[in-house]
Amino acid sequence: MDLHAPPLRGSLPPEGADPPWGGPAADRAGPFIHSAFEARCREQPGKTAVVVGERRVSYGELIAQVHGIAVAMHDAGITRGDRVVLLLDSSVDYVAALHAVWHLGAVAVPLGPQTKAAKLTHVLNDTGARALLTQATLSSVWGAASHGASLCVWVRGEAPSPALAWPSPSNHATDLPGPTSAGDLATLIYTSGTTGQPKGVMLSHANMLAAWRSVQAYLQLRPQDVIGLALPPSFSYGLYHVVMGLGIGATLVLENTAAFPAKLVQRLASERVTVFPGVPMLWASLLALDLSAHDLSALRLITNAAAALPAAHTALLRARLPQAQLLLMYGLTECKRASYLPHEEVDSRPESVGRGLPFQEHWLVDEHGQRLPDQGCATGELVVSGAHVSAGYWNAAPGVATRISPGPRPGEHTLRTGDVFRRDEHGWLYCVGRTDDMFKSRGEKVYPLEVEHAICELPGVLEAAVSPMPDERLGLAVKAHVRLKPGATLAEREVIRHCQARLESWMAPKAVAFVDQLPQTESGKLRRRDLA
Amino acid sequence: MSTIKAEVRHYIQENLLLGAGAVSPGDDESFLEHQVLDSTGFLELVAHLEETYGIKIGDDEMVPENLDSLNAIEAFVQRKREVKA
């Protein structure tokens, strides 16, 4: 079928540099996801790699930090294949820690700073992590998480014993293990799922390189780019901008100021940011400002992902930032990206996610999983296949079917996205719904079961059900329907507070209704569509 | 303790504190740095300040200097009320 693959051209790393993917060495040992970054560190040690606030860190300084962390972990006995959890905010330390884990051949497990102790405990135990790299300001989270005695904890800032102080930079990192093949696991990204517990999506070096190659084919990042990153770099969308930006030799401006759009836009102007990836909530808050009061003339490329951008906001962005190319993208952690809408199409079909991705095959299936014809109009669940698709979930019970299956090509995997699309006669895809009950609140996934499990931990609760409710600011908000045990009393506030303590903030209910009965099917199963 | 600070602290504890185990912020501690509030939390806080103190907070006033600690909020709210009065 028409894969709509644009020709690969330009914008690869500086001439003479190793390409970050492919090449004759690809079959043997690498390249790896950090190979391009390390090459850039050798070639341009004086160039600014990362800017955070007033702090500017060069590629040379950054690689010394990477080596310092890798050496400290190695000295503590952490080695190839070990899982290392990163609980850090968007910072130089995060970027350095990520590359240090890969340099050592270990597996990075990035978590955002909003992670709660319960989830951290789950991730530490599920991964059997050997190390946690974190920061003192998050001590209430990691201090409350339970884990095995053998976990090494490194802390940026004050490190109470037995935690270890953050490693010093080092100019030497010889004789470290390193990954042995591109098929080695590089990263586990924990994502909510139908089972009610976050699951670790396994991404090998080869998966990540393949996703990078597909994305770079249309994103065309350049070494001279200044990439503004207000996204949490623990999520796939932010993580890949760290990898791609530093791999190509660009400058990353890390911003923790998404909460303060006026500040953010000042930073975009003063740092002459050229590329800025965003999500619908972020665009909405920026569009509320007078953008013309700031010099954003350097901005050449803006992108949206995580959730669909309302067509009205797309039009506003085009009008307010006419010099910038706008790409609308769609993807999942399991494959990083599945489709993008080219800039030329944004004005005429803003509600389409595009026609897929270079180097990817995709098709639609009906409700029985049967592949629909590749030509002509159709509606069905989107399935994507290629080298970028994860091999599956960490610790998945053997024999249990998941969204991911091997093939059809050797070494590759196929992913059922769970998203239902309408395809028009020219192949453009339009999202029309889900095959399950997941919904998105402020661009983040909410699986009702995960919230319901948390609510049911409260002593007075007999059963609970969760549904989406429209919300002006969040798109959709979480509503909980709770049935109490006879004689039990519970306030709405208590339910919300419990969930805020237990779950990431976007999963906490905004409203709670106490009900005598939950809608059921004849067989006694919850009838979600009847929740109001 | 000042009434504005006490009131805002109470509001944050009741409504926005991201998690039990989350410690109530010190007067000068950054909400962002200590993960007390996220971006949605700040929007809710701003709506609360507008309603409670009868002030209007412009988008360009939503900056950490005005909102990112109890001390900052108190000074900001007092300034806004003086201008209004």
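This one's a predicted model, so the numbers in the text were calculated from it and none came from an experiment. (Residues numbered from 1 in each chain as written. Chains lettered and ligands numbered in written order. Predicted model: local features only at pLDDT ≥ 70, side-chain atom pairs only at ≥ 80, totals over all residues.)

Student: Could you clarify how one ought to interpret the domain arrangement of chain A in this entry?
Tutor: Size of an interface, as often reported, equals the accessible area lost when the parts are brought together. All names here are of chain A. Here chain A is described as being made up of domain 1 (30-256) and domain 2 (439-530). Between the C-alpha centres of domain 1 and domain 2 the distance comes to 34 Å. Opposite the eight residues of domain 1 that make contact, domain 2 presents 10 residues. Considered class by class, the residues forming the side of domain 1 that touches domain 2 number one nonpolar, six polar and one charged. (Domains from an automatic or database assignment. Contact = placed C-beta atoms within 7 Å. Nonpolar A, V, L, I, M, F, W, Y, C, P; charged D, E, K, R; others polar.)

Student: Please explain the environment of Leu287 of chain A as it appears in this structure.
Tutor: Residue and element names in this part refer to chain A. Mapped onto the elements of the fold, Leu287 is located in helix α9 (residues 280-287). For the pair Leu287 and His313, spaced 26 residues apart in the sequence, the C-alpha separation amounts to 7.9 Å. In contact with Leu287, other than residues within four places in its own chain, are His313, Leu316, Leu317 and Arg320. (Helix = DSSP H or I, 4+ residues; strand = E, 2+ residues; numbered from the N terminus.)

Student: So what exactly am I meant to see when it comes to the environment of Pro459 of chain A here?
Tutor: Residues and elements named next belong to chain A. Positionally, Pro459 belongs in the loop between α12 (448-456) and β24 (461-471). Looking at Pro459, the number of C-beta atoms within 10 Å reads 7, which means it is exposed. Spatially, the C-alpha atoms of Pro459 and Ala488 are 8.6 Å apart, while their sequence positions differ by 29 residues. (Buried ≥ 20, exposed ≤ 12 C-beta atoms within 10 Å, placed from the backbone.)

Student: Is there a simple way to think about the sheet that holds strand β26 (residues 511-514) of chain A in this case?
Tutor: Where strands meet in a sheet, backbone hydrogen bonds hold them as pairs that are either parallel or antiparallel. All names here are of chain A. The strand order β24-β25-β26 describes an open sheet built from three strands, whose pairing is mixed. On the outer flanks of this sheet lie β24 and β26, each paired with one strand and no other. On average, adjacent strands in this sheet sit at an angle of 25° to one another, irrespective of strand direction. Across four bridges, the pairing between strand β25 (residues 475-484) and β26 is parallel. From the neighbouring strand, His481 faces β26, where its bridge partner is Ala513. Against the sheet, α12 makes contact with β24 and β25, and its axis sits at roughly 135° relative to β24, the strand it touches most. (Pairing = 2+ DSSP bridges. Axes fitted to C-alpha atoms, helices over the stretch in contact; angles between N-to-C directions.)

Student: For this particular structure, what's the right way to read the packing of helix α1 (residues 35-43) of chain A against helix α2 (residues 59-75) of chain A?
Tutor: The angle between the axes and the distance between the axes are what describe a pair of packed helices. Residue and element names in this part refer to chain A. Running from N to C, α1 and α2 point in directions that differ by 130°, and their axes come no closer than 8 Å. Considered as vectors, α1 and α2 are oriented oblique to each other. At the point where α1 passes α2, the crossing takes the left-handed sense. When α1 is examined against α2, the residues Glu38, Arg40 and Cys41 are found in contact with a partner set consisting of Tyr59, Gly60, Leu62 and Ile63. Across the contact of α1 with α2, the residue classes break down as four nonpolar, one polar and two charged. (Parallel < 35°, antiparallel > 145°, perpendicular 65-115°, else oblique. Left-handed = near helix turned anticlockwise from the far one by under 90°.)

Student: Any chance you could explain α2 of chain A here in plain terms?
Tutor: Every α-helical turn comprises 3.6 residues, leaving residues that sit three or four positions apart pointing alike. Taking 1.5 Å as the rise per residue, α2 of chain A with 17 residues should run 24 Å; its terminal C-alpha atoms sit 24 Å apart, in good agreement. Within α2 of chain A, 14 of the 17 residues are buried, leaving the element largely enclosed by the surrounding structure. (Expected span 1.5 Å × (residues − 1).)

Student: Would you mind showing me how to read the pairing of strand β16 (residues 361-365) of chain A here?
Tutor: All names here are of chain A. The alternating pattern of β16 places His362 and Leu364 on a buried face and Glu361, Trp363 and Val365 on a face that is not buried. With five bridges joining them, β16 and strand β17 (residues 378-386) adopt antiparallel strand pairing. From the neighbouring strand, His362 faces β17, where its bridge partner is Val384.

Student: Would you mind going over the packing of α9 of chain A against helix α10 (residues 311-320) of chain A with me for this structure?
Tutor: Residue and element names in this part refer to chain A. Running from N to C, α9 and α10 point in directions that differ by 50°, and their axes come no closer than 11 Å. Regarding the angle of α9 to α10, the classification is oblique. Between α9 and α10 lies a crossing whose hand is left-handed. Contact with α9, carried on its side by Pro280, Trp283, Ala284 and Leu287, involves His313, Leu316, Leu317 and Arg320 of α10 and no other residues of that element. Residue composition of the contact of α9 with α10, by class: six nonpolar, one polar and one charged.

Student: For this particular structure, what's the right way to read helix α2 (residues 39-53) of chain B?
Tutor: Residues and elements named next belong to chain B. The end-to-end C-alpha distance of α2, which contains 15 residues, comes to 21 Å, matching closely the 21 Å that a straight helix rising 1.5 Å per residue would cover. Among all positions in α2, only Gly41, Phe42, Leu45 and Leu49 are buried. The arc that holds the buried residues of α2, viewed along the axis, is 95°, so those residues lie on one side. Across α2 from its buried face, at more than 90 degrees, point the exposed residues Ala47 and Glu51. (Arc of directions from axis to C-beta.)

Student: How do you make sense of the nonpolar core when you look at a structure like this?
Tutor: Proteins that are soluble and globular tend to have nonpolar side chains buried together. All names here are of chain A. Formed by 160 residues in total, the largest nonpolar core has its most connected members in Val84, Val85, Leu86, Leu87, Ala97, Val109 and Leu252. Once residues lying within four places of it in the same chain are set aside, the contact partners of Leu252 are Ala49, Val50, Ile227, Leu229, Val242, Gly245 and Leu246. Judged by nonpolar contacts, the second largest core, of 24 residues, contains Ala454, Ala477, Val495 and Cys499. (Core = buried A, V, L, I, M, F, W, Y, C linked by C-beta atoms within 7 Å.)

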